[in-house]
Amino acid sequence: MKRVTIDNVTIGQGRPKIIVPIVGKTQAEVIQAAKDASKSSGDLVEWRIDFYEDVEKAGAVSELSQEVKQLVNKPLLITFRTFEEGGERELSYEQYVALYQEIINEGHVDLLDIELFIPEEKLDDLIQECRSQGIYVVLCNHDFERTPPEEEIIRRLELMESKGADICKIAVMPQTPEDVLTLLKATHRRQQFTKVPLITMSMGSLGMISRLSGEVFGSAATFGSLGKASAPGQMAVEDLAVSLKNLSL
Ligand SMILES: O=C1C[C@@](O)(C(=O)O)C[C@@H](O)[C@@H]1O
């Protein structure tokens, strides 16, 4: 499997890597969270810019990303989670693409989170632009209501890879314990054929186990919160680090 190595952190090898989300609303909160993240056991940092109040101001994110990257001193993933997939703010696809283009060209970022189901030509353009700037592409999909069937989860992961993802990510909501098993089974099956790392999770408290079991079933990273979680079911980063260590193969 092709691994992704950034600043000595390798995704797709050994114990799942911990990604710490920054969900600050103001610039001061973002900076404080970046400082906290740098001292945490997180291996990478995700800045969830849909939480940031100035996200729509031209140049605000790319400018602040320089400071965030410097403070965290870890690989930095930037994510705008759309409203349709459980994010904090509504943007048109045109605005989403323009924001991402600005970040790709002017920002400081190692990995960019792009949603698989944005219009296809926009997706292809953004992937191309990331490539030309040496930014890794994390293609992803989220269902905050339910867990699609196993074959459908596998189909989406395959589609992400065929589109050129460096990492494929899917987060789904379980309604039953069987749904958690569906996500784990799909992960385990896809993991045997994929050429790129997968990140999968079943959300909420029912799905929490999936955030700990990546080394067994094939999820290469897991999100651990610093204070405020960016999605339901995330454990606190330090508890997560201890649990992953205890569960390590
Ligand atoms: O895609 C994901 C996964 C996630 O939704 C989770 O369930 O941990 C958290 C988000 O911040 C991140 O972008």
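Just so you know, these numbers come straight off a predicted model, no measurement behind them.

**Let's talk about the UniProt feature "binding site: 3-dehydroquinate" (unreviewed entry) in the chain**
Here, the residues flagged by UniProt with the feature "binding site: 3-dehydroquinate" (unreviewed entry) are Glu46, Trp47, Arg48, Arg81, Arg211, Ser230 and Gln234. You can see Ser230 is positioned in the loop between β10 (221-225) and β11 (235-236).

**So, the site of the ligand**
In the neighbourhood of the ligand, 16 residues make up the surrounding shell, with Pro21, Ala171, Phe223, Ser230 and Ala231 lying closest. Listing elements by their share of the shell around the ligand, those giving two or more residues are β4 (44-48), β7 (136-143) and β8 (167-172). The residue makeup of the shell around the ligand, split by class, is 7 nonpolar, 4 polar and 5 charged.

**Regarding unusual backbone geometry**
At Asp7, a position not held by glycine, the phi torsion is positive, near 45 degrees. Here Asp7 falls in the exposed class, since 11 other C-beta atoms lie within 10 Å of it. With a phi close to 55 degrees, Asn73 is a non-glycine residue in the positive phi region. By secondary structure assignment, the location of Asn73 is in the loop between α2 (60-72) and β5 (76-79). Residue Asn73 is classed as exposed on the basis of its 12 C-beta neighbours within 10 Å.

**Side note on the sheet that holds strand β6 (residues 111-115)**
Spatially, 9 strands are ordered β9-β8-β7-β6-β5-β4-β3-β10-β11 in an open sheet, and the strand pairing comes out parallel. Taken across any chain shown, the strands that pair with only one partner, and hence form the sheet edges, are β9 (198-202) and β11. Strand direction decides the pairing type here: β5 and β6, joined by 3 bridges, are parallel. When the bridges of β6 are listed, Thr79 appears paired with Asp113. Helix α1 (residues 27-39) contacts β3 (17-22) and β4 of the sheet and is inclined by roughly 160 degrees relative to β3. Its contacts with the sheet place helix α4 (residues 120-133) against β6 and β7, and it is angled at close to 175 degrees to β6.

**Some words on the nonpolar core**
Formed by 73 residues in total, the largest nonpolar core has its most connected members in Val45, Leu112, Val138 and Leu139. Of all the elements, helix α3 (residues 93-106) adds the most residues to this core, at 6 residues. With near-sequence residues (within four places) excluded, Leu139 lies in contact with Ile114, Leu116, Met160, Lys163, Ala165 and Cys168.

How each quantity is defined
Residues numbered from 1 in each chain as written. Predicted model: local features only at pLDDT ≥ 70, side-chain atom pairs only at ≥ 80, totals over all residues. UniProt positions renumbered as here; feature names shortened; annotations may be inferred. Helix = DSSP H or I, 4+ residues; strand = E, 2+ residues; numbered from the N terminus. Near = placed C-beta within 6 Å. Nonpolar A, V, L, I, M, F, W, Y, C, P; charged D, E, K, R; others polar. Buried ≥ 20, exposed ≤ 12 C-beta atoms within 10 Å, placed from the backbone. Pairing = 2+ DSSP bridges. Contact = placed C-beta atoms within 7 Å. Axes fitted to C-alpha atoms, helices over the stretch in contact; angles between N-to-C directions. Core = buried A, V, L, I, M, F, W, Y, C linked by C-beta atoms within 7 Å.

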